[in-house]
2 protein chains.
Amino acid sequence: MLIGVPYLNYSVILNVLGGLLRFLGAIMLVPLCVAVYYGDSLYPFLAAVIITGMTGILLSHRYKATTEWKAREGFAIVAFGWLAAAVFGSIPFMLDGFSPINAIFESMSGFTTTGATVLLDIETHSQSILFWRSMTQWIGGMGIIMLFIAILPKLGVAGRQLFRAEAPGPTEDKIKPRIRETAKILWMVYVFISIIEVIALLLAKMSLYDAVTHTFTTMACGGFSPYSQSIAAFDSPLIEGIITFFMFVAGANFALHYRTLYTDRKSLFKDDEFKFYSLVIAIATLVLTFSLWKDMGETIFNSFRYAVFQVISITTSTGFATVDFNLWTDSGKIVLLALMFVGGCAGSTSGGIKVVRILLLLKYAQRALFKSVHPRAVKPIKFNEKTVPDDVMQAIVSFVVIYIMIFAVSTALLSLMGLDLVSSITASIATLGNIGPGFGLVGPMANFDVVPFVGKLVLIINMWIGRLEVFTVIVMLTPEFWRR
Amino acid sequence: MLIGVPYLNYSVILNVLGGLLRFLGAIMLVPLCVAVYYGDSLYPFLAAVIITGMTGILLSHRYKATTEWKAREGFAIVAFGWLAAAVFGSIPFMLDGFSPINAIFESMSGFTTTGATVLLDIETHSQSILFWRSMTQWIGGMGIIMLFIAILPKLGVAGRQLFRAEAPGPTEDKIKPRIRETAKILWMVYVFISIIEVIALLLAKMSLYDAVTHTFTTMACGGFSPYSQSIAAFDSPLIEGIITFFMFVAGANFALHYRTLYTDRKSLFKDDEFKFYSLVIAIATLVLTFSLWKDMGETIFNSFRYAVFQVISITTSTGFATVDFNLWTDSGKIVLLALMFVGGCAGSTSGGIKVVRILLLLKYAQRALFKSVHPRAVKPIKFNEKTVPDDVMQAIVSFVVIYIMIFAVSTALLSLMGLDLVSSITASIATLGNIGPGFGLVGPMANFDVVPFVGKLVLIINMWIGRLEVFTVIVMLTPEFWRR
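Cut-offs and rules
Residues numbered from 1 in each chain as written. Chains lettered and ligands numbered in written order. Predicted model: local features only at pLDDT ≥ 70, side-chain atom pairs only at ≥ 80, totals over all residues. Heavy atoms only, no water. Helix = DSSP H or I, 4+ residues; strand = E, 2+ residues; numbered from the N terminus. Rg over C-alpha atoms; globule rule 2.2 N^0.38 Å. Buried < 20%, exposed > 50% of the residue type's maximum accessible area, 1.4 Å probe, protein only. Contact = heavy atoms within 4.5 Å. Areas by Shrake-Rupley, 256 points an atom, 1.4 Å probe, with all protein chains shown as cover. Lys, Arg positive; Asp, Glu negative; His and termini not counted. Charge placed at Lys NZ, Arg CZ, Asp CG, Glu CD. Buried area = accessible area lost by both parts, 1.4 Å probe. Salt bridge = Lys/Arg side-chain N within 4 Å of Asp/Glu carboxyl O. Least-squares fit on C-alpha atoms with pLDDT ≥ 70 in both. Phe/Tyr/Trp six-rings, centres within 6.5 Å; stacked < 30°, edge-to-face > 60°. Lys NZ or Arg CZ within 6 Å of the ring centre and 35° of its normal. Expected span 1.5 Å × (residues − 1). Polar contact = N/O pair within 3.5 Å; in protein donor to acceptor, adjacent residues only side chain to side chain. Disulfide = S-S within 2.5 Å. 1 Å grid on protein atoms, 1.4 Å probe; cavity = no way out; pocket = protein on both sides within 12 Å on 5 of 7 lines; lining within 4 Å. Points joined across faces, edges and corners; volume = space filled by probe spheres on them. Nonpolar A, V, L, I, M, F, W, Y, C, P; charged D, E, K, R; others polar.

**Section: the overall build of chain A**
- If you tally the helices and strands in chain A, you get 23 helices and 2 strands.
- Taken over C-alpha atoms, the radius of gyration comes to 22 Å for chain A, in line with the 23 Å a tight globule of 484 residues would show.
- Each principal axis of the C-alpha distribution contributes one length, and for chain A these read about 65 × 60 × 50 Å.
- Out of the 484 residues belonging to chain A, those deemed buried represent 63%.
- Partitioning the intrachain contacts of chain A with sequence separation of at least 6 by distance along the chain shows that 72% fall at a separation of at least 24.
- With the model as given, the accessible surface of chain A reaches about 18200 Å², and the carbon-plus-sulfur share is 68%.
- Within chain A, the 30 negative side-chain charges are centred at a point lying 13 Å from the centre of the 36 positive side-chain charges.

The structure is reproduced here in structure tokens:
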């Protein structure tokens with residue numbers, strides 16, 4: 001395919017993809033060890049390591065990296081990189097007996113940290129397969145941090161100034177001016193917080209296996225669990241509390257976490273996005289607690305317990321559940337549905353439209369109201385005490401417009417395949433926003449296997465587009481991308 | 001209330017409202033004549049004429065108009081003008097036995113040309129009451145044309161350049177430079193097309209009463225019908241065809257109609273908004289025809305017949321029905337739901353976000369994609385071969401953001417009152433978009449009486465805000481509006 005397009009430097013693209021696959025092949029040694037430990041079949045992971053690693057080595061040697069990428073090569077590397085990870089990452093699932101479409105769905109859901117699953121009875125699968133399933137999310141989470149901090153700003157995607165501003169610590173302060181260094185630091189923060197979560201969960205009497213797999217999927221805002229009852233399987237307020245806290249952390253900006261940990265203790269609480277993120281969660285929790293208490297006849301304590309967990313789980317696009325919220329009354333569901341369109345903070349592992357975009361759109365609308373009364377007033381939009389440039393606002397608006405269009409088309413396609421209105425709407429937004437479960441047929445205790453083949457393809461594309469901040473994929477559909 | 005706000009010139013506001021009520025009182029003589037003709041009780045209309053007319057005369061005499069309005073007085077006049085029309089227009093309904101909230105709901109639904117009804121059994125009401133109900137929509141339609149062409153541009157609301165550009169015939173060509181003249185010409189076009197529709201419906205063997213009442217509500221994109229089965233009551237493809245055509249006309253820009261009729265025959269087909277409006281309707285009709293044929297087992301002819309009528313009825317925010325679309329499968333409903341967010345053309349009597357806003361947002365997003373590949377390229381957004389200024393785009397974005405916020409809050413409130421998800425969503429958008437019926441409890445053959453008291457208040461406010469292009473009402477909630 002790429003050979004017909006002489007103007008794109010496919011050599012550098014394939015070279016980088018080769019490096020990525022070598023890395024992925026090496027990573028697959030971890031679930032192989034898990035399989036050895038639990039006495040599971042080694043064949044799925046051995047084959048995966050060999051196929052992925054060999055493909056990576058072949059590509060790296062066949063295609064040489066040239067000096068510099070341009071934006072177009074960058075887009076192609078990001079988009080095809082995620083696709084390649086999903087395809088090669090699905091090999092263990094295929095060899096475990098998944099149908100090809102289901103294997104790729106589950107793998108894409110993993111690497112995009114979505115958490116939508118096609119597994120009918122999760123507990124029947126081997127521990128090494130479920131370990132790999134959780135681990136794909138943790139690797140995906142690393143990829144997203146890399147994408148936000150190191151790649152998107154270089155590509156000028158969706159408001160480069162904004163993403164640059166989102167890594168205020170390391171870049172602005174000129175401590176570590178190089179992007180590669182920045183990414184390394186943020187990965188260390190990611191690994192460091194992950195280790196703390198594992199320890200906390202072990203102290204709450206989780207097994208090591210459960211603590212590691214759930215940490216993988218909490219920190220990535222992913223939501224896969226080796227249990228079909230998700231976090232409800234533990235029925236422990238302490239474990240719920242720990243996971244709630246770490247979901248909240250994973251949904252906030254990792255560059256801010258770095259600054260809070262190493263530079264300025266108050267960084268988090270000075271940040272406009274983090275304040276708005278906390279406000280949205282607080283209000284939604286309040287409304288949902290009221291709804292559960294009033295309509296579901298729960299006690300105030302239980303209402304709050306379920307509400308705060310589910311609000312943070314959905315806002316951060318994790319998708320864990322402590323209760324089958326599909327059984328709630330519609331007022332509770334509407335709170336969750338609204339949160340699905342918000343998402344977490346930029347620079348986090350969460351999905352969705354992102355809090356900062358919503359906040360800036362609201363400020364934009366507020367300014368328009370002000371200008372209706374004072375037409376000649378000059379009133380710049382401020383974010384963290386700095387003026388937001390016009391091209392950032394334009395990028396945000398364009399992002400949301402394309403996002404809503406994709407959501408609408410995907411919803412229409414699913415409903416034409418026979419899904420009901422609520423399932424179509426929530427399956428679309430839950431995959432595009434990288435959340436995981438929706439309502440109806442695709443509720444938290446159900447699974448996506450009910451979606452027909454073509455519908456699964458649509459949802460796989462949704463997860464892919466949503467994770468790569470829309471533009472990275474959509475830009476490849478424009479004729480300009482392929483012209484000299 | 002206004003006395004406490006010394007900086008707002010309430011004298012001019014009350015003077016203009018007085019003039020409006022005198023006009024409304026005089027208009028009420030028409031249903032009084034209808035009541036005489038049909039031998040209905042005269043008391044509701046006599047009382048309404050006297051109360052409305054006297055209030056109008058008192059206000060006009062007590063408060064004097066000063067030389068010039070400022071923007072703030074303009075906002076207050078428009079917002080309170082529509083409110084006053086709804087309140088005084090509800091007098092005949094109250095005296096006919098409606099509860100006050102139901103009377104104001106029905107009257108607001110009329111003057112905002114929404115068409116949502118609380119009537120349980122429409123046919124039990126007298127012909128004069130149903131005539132007045134339909135007539136409120138026709139008067140509301142006149143008001144909207146006045147608002148778009150003459151008032152909003154003066155207030156600088158939501159992209160004054162856009163609305164100015166939307167009245168290209170009379171204003172740009174300098175034929176009739178004065179706004180009052182423009183409004184008069186467009187009203188004549190409105191009356192002229194209305195008369196043609198009455199004649200067409202009479203030729204299709206409708207009674208004069210039915211022809212006039214349905215013309216009132218077609219031309220206003222209103223959708224009230226004296227029959228609870230709406231247009232299905234006639235079961236005539238010819239009548240459906242005529243109404244479909246005139247809904248399509250009423251959903252397009254009246255300034256363009258003027259130009260097409262009197263200046264340039266090809267004006268309509270040169271207009272970007274009209275072309276996109278036709279395209280949206282064509283695609284939606286195609287998809288809906290397919291859905292009805294595939295899922296509902298209808299013949300191709302019937303599928304197309306129902307689809308084209310319902311697509312145009314919803315897109316233009318009329319809300320007539322030839323079939324209970326609440327019984328359709330969800331793929332059909334999703335097409336209609338998406339159209340509810342689009343609406344008709346600016347400068348028409350239709351509601352919704354409006355086609356031109358959607359079109360410009362899509363062009364905006366398309367430009368952003370182009371700029372991802374060519375970051376330094378300058379590419380202005382064009383509408384009808386002219387560059388769209390930045391402040392128009394800002395106004396559009398702000399409009400849509402506030403619109404979606406109101407939709408979300410109203411949906412959440414309704415669901416907290418116990419309405420199900422689909423009814424809450426569609427009742428909100430159907431009133432905010434001035435469409436009329438939704439799905440679920442508020443379907444086309446059902447009515448809004450099931451909504452609890454506070455919910456009706458929310459929906460009344462939705463209709464009011466939606467009709468006045470959001471800003472006109474919302475701006476009064478900002479502190480700046482009330483400060484010197």
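Next comes the rest of the write-up.
**Comments concerning the environment of A:Gly18**
Residue and element names in this part refer to chain A.
- Within the element layout of this structure, Gly18 appears in helix α1 (residues 10-27).
- Each C-alpha atom of the pair Gly18 and Leu58 lies 7.3 Å from the other, and the pair is 40 residues apart in sequence.
- Residues in contact with Gly18, not counting those within four places in the same chain, are Gly56, Leu59 and Ser60.

**Topic: the interface of chain A and chain B**
- Each side of the interface is counted separately: chain A has 45 residues, and chain B has 45 residues.
- Both faces considered, chain A and chain B share a buried interface measuring about 4000 Å² in area, 76% of it formed by carbon and sulfur atoms.
- Among the residues of chain A in contact with chain B, A:Leu369, A:Leu416 and A:Leu421 are the three that bury the most area, contributing 17% of the side total.
- Between the two partners, chain A and chain B, sit 0 salt bridges.
- Elements supplying a minimum of two residues to the side of chain A that touches chain B: α4 (71-89), α15 (272-295), α17 (330-340), α18 (355-373), α19 (390-416), α20 (421-432), α22 (471-474) and α23 (479-482) of chain A.

**Quick notes on the relation of the copies chain A and chain B**
- Superposing chain A onto chain B takes a rotation of 180 degrees combined with a translation of 0.0 Å along the rotation axis, leaving an RMSD of 0.0 Å. The transformation relating the two chain copies, once decomposed into turn and shift, fits a two-fold axis. Looking at the rotation axis and the C-alpha trace of chain A, the residue lying nearest is A:Val397, at 3.7 Å.
- The overlap is high: 100% of the interface residues of chain A also sit at the interface in chain B, so the same surface is used on both sides.

**So, the packing of aromatic side chains**
- On inspection of all chains with the given rule, the structure shows 46 aromatic pairs over all chains.
- Feature note: the residues A:Tyr37, A:Tyr38, A:Phe131, A:Trp138, A:Tyr190, A:Tyr209, A:Phe216 and A:Phe254 constitute an aromatic cluster, connected by ring pairs.
- Sitting above the plane of the B:Tyr63 ring, B:Arg62 keeps its charged end 4.8 Å from the centroid.
- Sitting over the face of the ring of B:Phe224, B:Arg133 holds its NZ or CZ atom 4.0 Å from the ring centroid.

**What to know about helix α15 (residues 272-295) of chain B**
Residues and elements named next belong to chain B.
- The first and last C-alpha atoms of α15 sit 34 Å apart over 24 residues, in line with the 34 Å expected at 1.5 Å per residue.
- Its side-chain oxygen at 3.3 Å from the backbone nitrogen of Glu273, Asp271 defines the N-terminal cap of α15.
- A positive phi of about 65 degrees marks Gly297, the residue just after α15.

**Regarding the pattern of salt bridges**
Residue and element names in this part refer to chain B.
- Per the stated rule, a full pass over the model turns up 22 salt bridges over all chains.
- Among the ionic pairs, Lys294 bridges to Asp295, the shortest N-O distance being 2.9 Å.
- Taking relative accessible area as the criterion, Lys294 reaches 41% and is therefore assigned partly exposed.
- The residue Glu469 makes a salt bridge to Arg357 at a minimum N-O spacing of 2.7 Å. On the criterion of sequence distance, the pair formed by Glu469 in the loop between α21 (453-467) and α22 (471-474) and Arg357 in helix α18 (residues 355-373) is long-range, its members being 112 residues apart. Both residues of the pair, Glu469 and Arg357, count as buried.

**Quick look at helix α20 (residues 421-432) of chain B**
All names here are of chain B.
- Its 12 residues give α20 an end-to-end C-alpha distance of 17 Å, which sits within 8% of 16 Å, the value for a rise of 1.5 Å per residue.
- A large share of α20 lies buried, amounting to 12 of its 12 residues.
- Residues of α20 that are buried include every one of Leu421, Val422, Ser423, Ser424, Ile425, Thr426, Ala427, Ser428, Ile429, Ala430, Thr431 and Leu432, and no others.
- The N-cap of α20, judged by a side-chain oxygen 3.3 Å from the amide nitrogen of Val422 a few residues on, is Asp420.
- Positive backbone phi, at 55 degrees, marks Asn434, one or two positions downstream of α20.

**Some words on the state of the cysteines**
Residue and element names in this part refer to chain A.
- Inspection of the entire model under this criterion finds 0 disulfides over all chains.
- Among the cysteines around Cys221, which has no disulfide bond, Cys345 carries the closest sulfur, lying 9.6 Å off.
- The buried category is assigned to Cys345, whose relative accessible area is 1%.

**What about empty space enclosed by the protein?**
- According to the stated counting rule, one finds 3 cavities of 30 Å³ or more in the structure shown.
- Here the largest cavity is characterised by a volume of approximately 70 Å³.
- Elements supplying a minimum of two residues to the lining of the largest cavity: α19 of chain A together with α19 (390-416) of chain B.
- A breakdown of the residues in the lining of the largest cavity according to their chemical character gives 4 nonpolar, 2 polar and 2 charged.

Treat this as a map of the structure, not an account of what it does.
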